[in-house]
Amino acid sequence: ALGTGSAEELKGTVLQLRETVLQQKETIMNQKETIRELTAKLGRCESQSVLEPGEAKGRKGFAKNTMGDLSRPPAAETLSQLGQTLQSLKTRLENLEQFSRMNSSSQTNNLKDILQNKIDDLEKQVLSRVNSLEEGKLSPRNESEERGKIESTLTSLHQRISDLEKGQKDNRPPDRFQLTFPLRTNYMYAKVKKSLPEMYAFSICMWIKSNASPGMGTPFSYAVPGQANELVLIEWGNNPMEILINDKVAKLPFVINDGKWHHICVTWTTRDGVWEAYQDGTQTGNGENLAPYHPIKPQGVLVLGQEQDTLGGGFDATQAFVGKLAHFNVWDRKLSPGEVYGLATCSSKALAGNVIAWAESNIDIYGGATKWTFEACRQLN
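- Labelled according to an unreviewed UniProt entry, the protein appears under the name NPTX1 protein, originating from Cephalopterus ornatus.
- Taken verbatim from the UniProt record of the protein, the Cofactor (unreviewed entry) comment is "Ca(2+)".

This is how it looks when you write it as structure tokens:
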């Protein structure tokens, strides 16, 4: 018969294994999403890279290259970004090791090794293709063959992940996730599926974690037709974090880029433009005359992780958010100090936004930003 100690150890091991399986299921879901992004990028590359060098020189109207390297052909630029995204994917796979150290399952380790090898192979092919493009070695025929190889590998990886997903069910609540933006890019972001309505007051709250410097970038931006800076939260360069409403600015007294989770809230009313800022459940600042009597306009685009210069785009890598973000909620009223405190202390009675609620079904993720189980409230509880 097993002793009490052995039974407890066995129970602990089972719980650890279950957590590992859930984390790996999550990673697989993340990879599937990234693969969709990679496939789309390859499609764009295909349409851009069939031009001969002479044709490319004579062609006008290339999109603005916000990475700042105008000499590189668009195809090579896309592939270079693809290489960075693959590197991000590889990093995520390496992160799996921390979840499987105590897991002796050969099947789990085998899965990780298979995916790691496929990602390594893809990375080599993409970087080789970038080098060949930059040196002008690839003819259109060779270019087509190389593209075919990469697409074939992507397809097999996609199929492998789809097979693994079949029959697996994730019981995680729809709000218990966080977004991770590991690199300062102009292509990683998340988009909220619906616009904000016209609002005469708001409360916007979120959990945030970053140690990026200088400045953590743009946690969110809301643009409307004719006004890219309708509602933006940004910490850019050595400036303090600011909230912009219709291009009017208030400096916020947040001190949060220390690599720890922080809960932040900003409330505002159009009457006299009164605003309040809360960090970790406590009001740290307030003011007035921030875009007074200007209602927040509807029919815009709400983006997490990038600052919009045009409606839904015009991203600049220097303004991108680097870090983790979760529980982004929006209300069309001013929350009370008690309600804010409940959110910051992970109260089970905490409200969800009545305008935007944090749920996986409400957002689309692009460019290799990743999803993991939300950590902060686990640590507090």
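**A look at the overall build of the protein**
Inference 1: Within the protein, the secondary structure is distributed over 8 helices and 14 strands.
Inference 2: For the protein, buried positions account for 48% of its 381 residues.
Inference 3: A separation threshold of at least 6 residues defines the contact pool for the protein, and within that pool the share at least 24 residues apart is 72%.

**A short note on the pairing of strand 10 (residues 282-287)**
Inference 1: By the bridge criterion, 5 bridges tie strand 9 (residues 274-279) to strand 10 in an arrangement that is antiparallel. Opposite Trp 275, over in strand 10, you have Gly 287 as the bridge partner.

**Examining the nonpolar core**
Inference 1: Counting residues in each nonpolar core, the largest one holds 53 residues, and the members touching the most others are Leu 196, Phe 220, Ile 243 and Phe 328.
Inference 2: It is strand 3 (residues 201-209) that contributes the most residues to this core, 5 residues altogether.
Inference 3: With near-sequence residues (within four places) excluded, Leu 196 lies in contact with Tyr 222, Leu 231, Ile 296, Lys 297, Pro 298, Gln 299, Leu 302, Val 330, Val 355 and Ile 356.
Inference 4: Among the nonpolar cores identified, the runner-up in size contains 7 residues, and Tyr 278, Trp 331, Leu 335 and Val 340 belong to it.

**Quick look at the state of the cysteines**
Inference 1: Counting across every chain of the model gives 2 disulfides.
Inference 2: Linked covalently through their sulfurs, Cys 346 and Cys 377 form a disulfide whose S-S length is 2.0 Å. Looking down the S-S bond of the Cys 346 and Cys 377 bridge, the torsion is -80°, so its handedness is left-handed. Of the two residues, Cys 346 sits in the loop between helix 7 (337-344) and strand 13 (363-366) while Cys 377 sits in helix 8 (residues 376-380), which places them 31 residues apart along the sequence.
Inference 3: Sequence-ordered numbering of the disulfide-bonded cysteines in the protein gives the connectivity 1-2, 3-4.

**Points about the packing of aromatic side chains**
Inference 1: As enumerated under the stated definition, the model contains 8 aromatic pairs in all.
Inference 2: Centroid distance Phe 181 to Phe 321: 5.7 Å. Interplanar angle 75°. Geometry classified as edge-to-face. Highlighted residues: Phe 181 in strand 1 (residues 177-181) and Phe 321 in the loop between strand 11 (301-304) and strand 12 (323-331), separated in sequence by 140 residues.
Inference 3: Look at Phe 181 and you get buried, because its relative accessible area is 1%.
Inference 4: The buried category is assigned to Phe 321, whose relative accessible area is 1%.
Inference 5: Cluster of aromatic residues (ring-pair linked, three or more members): Tyr 189, Phe 315 and Tyr 366.
Inference 6: Sitting over the ring of Phe 177, Lys 371 keeps its end group 5.9 Å from the ring centre.

**Focus on the sheet that holds strand 6 (residues 242-245)**
Think of a sheet as strands paired side by side through backbone hydrogen bonds, with each pair either parallel or antiparallel.
Inference 1: The strand order 7-6-5-4-11-2-13 describes an open sheet built from 7 strands, whose pairing is antiparallel. Both edges of this open sheet fall to strand 7 (248-251) and strand 13, since each of them pairs with a single strand only. Strand-to-strand twist across the sheet, computed as the mean angle between neighbouring axes with direction ignored, equals 20°.

**A word on the pattern of salt bridges**
Inference 1: The full count for this structure, using the stated rule, is 5 salt bridges.
Inference 2: Linking Lys 251 and Glu 242 is a salt bridge whose minimum nitrogen-to-oxygen distance equals 2.8 Å.
Inference 3: A relative accessible area of 52% places Lys 251 in the exposed class.
Inference 4: Note that Arg 333 and Glu 339 form a salt bridge whose closest N and O atoms lie 3.0 Å from each other.
Inference 5: Arg 333 sits in the partly exposed class, given a relative accessible area of 31%.

**Focus: the environment of His 263**
Inference 1: Inspection of the secondary structure assignment puts His 263 in strand 8 (residues 262-269).
Inference 2: Residues His 263 and Ala 326, 63 residues apart in the sequence, show an inter-C-alpha distance of 9.4 Å.
Inference 3: If near-sequence neighbours (up to four positions away) are discounted, His 263 is found in contact with Cys 205, Met 206, Trp 207, Tyr 278, Gln 279, Asp 280, Gly 281, Val 340, Leu 343 and Ala 344.

**Focus on the pairing of strand 4 (residues 217-224)**
Inference 1: Across the 8 residues of strand 4, 8 count as buried, placing the element largely inside the fold.
Inference 2: Inspection of the sheet shows strand 4 paired to strand 5 (residues 227-235) by 5 bridges, in the antiparallel sense. Residue Ser 221 lies in a different strand from strand 5, and its bridge partner there is Val 232.
Inference 3: Where strand 4 folds back on strand 5, the antiparallel hairpin that results is connected by 2 residues, among which Gly 226 adopts a positive phi of roughly 85°.
Inference 4: In the sheet, strand 4 pairs with strand 11 via 4 bridges, with the strands oriented antiparallel. Bridging across to strand 11, Phe 220 finds its partner in Leu 304.

The rules we used
- Residues numbered from 1 in each chain as written.
- Predicted model: local features only at pLDDT ≥ 70, side-chain atom pairs only at ≥ 80, totals over all residues.
- Heavy atoms only, no water.
- UniProt positions renumbered as here; feature names shortened; annotations may be inferred.
- Helix = DSSP H or I, 4+ residues; strand = E, 2+ residues; numbered from the N terminus.
- Buried < 20%, exposed > 50% of the residue type's maximum accessible area, 1.4 Å probe, protein only.
- Contact = heavy atoms within 4.5 Å.
- Pairing = 2+ DSSP bridges.
- Core = buried A, V, L, I, M, F, W, Y, C linked by side-chain atoms within 4.5 Å.
- Disulfide = S-S within 2.5 Å.
- Phe/Tyr/Trp six-rings, centres within 6.5 Å; stacked < 30°, edge-to-face > 60°.
- Lys NZ or Arg CZ within 6 Å of the ring centre and 35° of its normal.
- Axes fitted to C-alpha atoms, helices over the stretch in contact; angles between N-to-C directions.
- Salt bridge = Lys/Arg side-chain N within 4 Å of Asp/Glu carboxyl O.

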